[in-house]
Amino acid sequence: AQSVTQPDIHITVSEGASLELRCNYSYGATPYLFWYVQSPGQGLQLLLKYFSGDTLVQGIKGFEAEFKRSQSSFNLRKPSVHWSDAAEYFCAVAGAAGNKLTFGGGTRVLVKP
Amino acid sequence: EAGVTQSPTHLIKTRGQQATLRCSPISGHTSVYWYQQALGLGLQFLLWYDEGEERNRGNFPPRFSGRQFPNYSSELNVNALELEDSALYLCASSGGQGQLYQETQYFGPGTRLLVL
């Protein structure tokens, strides 16, 4: 069965500082990997996804993520955080195209001025 | 292009009642997914419909059911509501032309259900 772990429940960063959110997955084959962001009271917005090919993927809002098969990780990064990046971030895995998503527990990001 | 829409935005019911939640997918998408986001339980997969058929079901009791209509919109029905059904219910859609679309789920804003 597939699973996703986001080890950090909360992260606080200063505006302008870099951000890295950790995601570890468990799946037997090459998974489809996603990062979504959820602002308070809102639905989920897709930040980026990895299906195959280049292991460093670029997303919206200046985010990028790197797939590392050897570490079963798909960490999300942003070089310089803006106050509007304060939200909850979810990593997700799908075992096959169009199949259900399994989500991590989420990481809540707080941005200090 | 319009995104995934859900109605109502908020729904208040009492224990034992039935709730009906609605979802309209992105135009051209044939798959609809339902997820529950309950406090302390995270995001959990409920149901997946594609071309009018139920394709997969999460670990939820039978009182959670749904259907997909010929226009690909979908309803989620929750019967005999319990207090712990209070949650944000998110609908997502996928599909359309081309491989890049089929694997990605796009989410609506959700329906917040409160059971009293």
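The shown structure was predicted, so the numbers you read here are calculated from the model rather than taken from an experiment.

Observations concerning the state of the cysteines
- A full pass over the atoms with the stated rule returns two disulfides over all chains.
- Put simply, Cys23(A) and Cys91(A) are joined by a disulfide, and their sulfur atoms are 2.0 Å apart. Taking the torsion about the S-S bond as the criterion, the Cys23(A) to Cys91(A) disulfide, at about -65°, is left-handed. Here Cys23(A), found in the loop between strand E3 (19-21) and strand E4 (24-26), pairs with Cys91(A), found in strand E10 (residues 87-94); they are 68 residues apart in sequence, far enough to count as distant.
- Classification of Cys23(A) as buried rests on a relative accessible area of 0%.
- Disulfide partner of Cys23(B): Cys91(B), at an S-S distance of 1.8 Å. On the S-S bond that ties Cys23(B) to Cys91(B), the torsion sits near -65°, and the link is left-handed.

What about the layout of surface pockets?
- Taken as a whole, the largest pocket holds about 420 Å³ of empty space.
- In terms of lining, the largest pocket is formed by 18 residues, of which the most central are Glu88(A), Arg108(A), Gln37(B), Ala38(B) and Leu39(B).
- Of all the elements in the fold, those that place two or more residues in the lining of the largest pocket are E10 of chain A together with strand E4 (31-38) and strand E9 (87-94) of chain B.
- For the lining of the largest pocket, a count of residues per class yields seven nonpolar, eight polar and three charged.
- Forming the walls of the second largest pocket are 15 residues, and the residues nearest its centre are Lys100(A), Thr102(A), Leu43(B), Gln44(B) and Phe45(B).
- Top element by residues in the lining of the second largest pocket is strand E5 (residues 42-50) of chain B. It accounts for four residues.
- Broken down by class, the residue content of the lining of the second largest pocket amounts to seven nonpolar, seven polar and one charged.

Observations regarding the confidence of the model for chain B
- Within chain B, residue pLDDT values average 91, and 93% of them lie at 70 or more.
- Confidence drops under a pLDDT of 50 for residues 97-101 of chain B, and excluding neighbours within four residues, the segment shows four contacts in the predicted structure.

Things to note about the sheet that holds strand E1 (residues 5-7) of chain B
Residue and element names in this part refer to chain B.
- Across the sheet, four strands lie side by side as E1-E3-E8-E7; this open sheet has antiparallel pairing. Across the chains shown, the open sheet's two edge strands, defined by having one partner strand only, are E1 and strand E7 (64-68). Within the sheet, the average angular offset between the axes of one strand and its neighbour, ignoring direction, is 20°.
- The pairing of strand E3 (residues 19-24) with strand E8 (residues 74-78) spans five bridges and is antiparallel. When the bridges of E8 are listed, Cys23 appears paired with Ser74.

A short note on the interface of chain A and chain B
- Each side of the interface is counted separately: chain A has 18 residues, and chain B has 19 residues.
- Both faces considered, chain A and chain B share a buried interface measuring about 1600 Å² in area, 59% of it formed by carbon and sulfur atoms.
- Taken together, the connections running from chain A to chain B amount to zero salt bridges.
- Taken together, the elements giving at least two residues each to the side of chain A that touches chain B come down to strand E5 (32-38), strand E6 (45-50) and strand E11 (101-103) of chain A.

Details of the pairing of E4(B)
Residues and elements named next belong to chain B.
- Of all eight residues in E4, eight are buried, a share of seventy percent or more.
- Burial of E4 is two-sided: the residues Ser31, Tyr33, Tyr35 and Gln37 facing one way and the residues Val32, Trp34, Gln36 and Ala38 facing the other way are all buried.
- Judged from the eight bridges that link them, E4 and E5 form a sheet pairing that is antiparallel. Along E5, the bridge assignment pairs Trp34 with Leu47.
- With seven bridges joining them, E4 and E9 adopt antiparallel strand pairing. For Tyr35, the partnering residue across the bridge sits in E9 and is Leu90.

Cut-off values and rules
- Residues numbered from 1 in each chain as written.
- Chains lettered and ligands numbered in written order.
- Predicted model: local features only at pLDDT ≥ 70, side-chain atom pairs only at ≥ 80, totals over all residues.
- Heavy atoms only, no water.
- Disulfide = S-S within 2.5 Å.
- Helix = DSSP H or I, 4+ residues; strand = E, 2+ residues; numbered from the N terminus.
- Buried < 20%, exposed > 50% of the residue type's maximum accessible area, 1.4 Å probe, protein only.
- 1 Å grid on protein atoms, 1.4 Å probe; cavity = no way out; pocket = protein on both sides within 12 Å on 5 of 7 lines; lining within 4 Å.
- Points joined across faces, edges and corners; volume = space filled by probe spheres on them.
- Nonpolar A, V, L, I, M, F, W, Y, C, P; charged D, E, K, R; others polar.
- pLDDT = per-residue confidence, 0-100.
- Contact = heavy atoms within 4.5 Å.
- Pairing = 2+ DSSP bridges.
- Axes fitted to C-alpha atoms, helices over the stretch in contact; angles between N-to-C directions.
- Buried area = accessible area lost by both parts, 1.4 Å probe.
- Salt bridge = Lys/Arg side-chain N within 4 Å of Asp/Glu carboxyl O.

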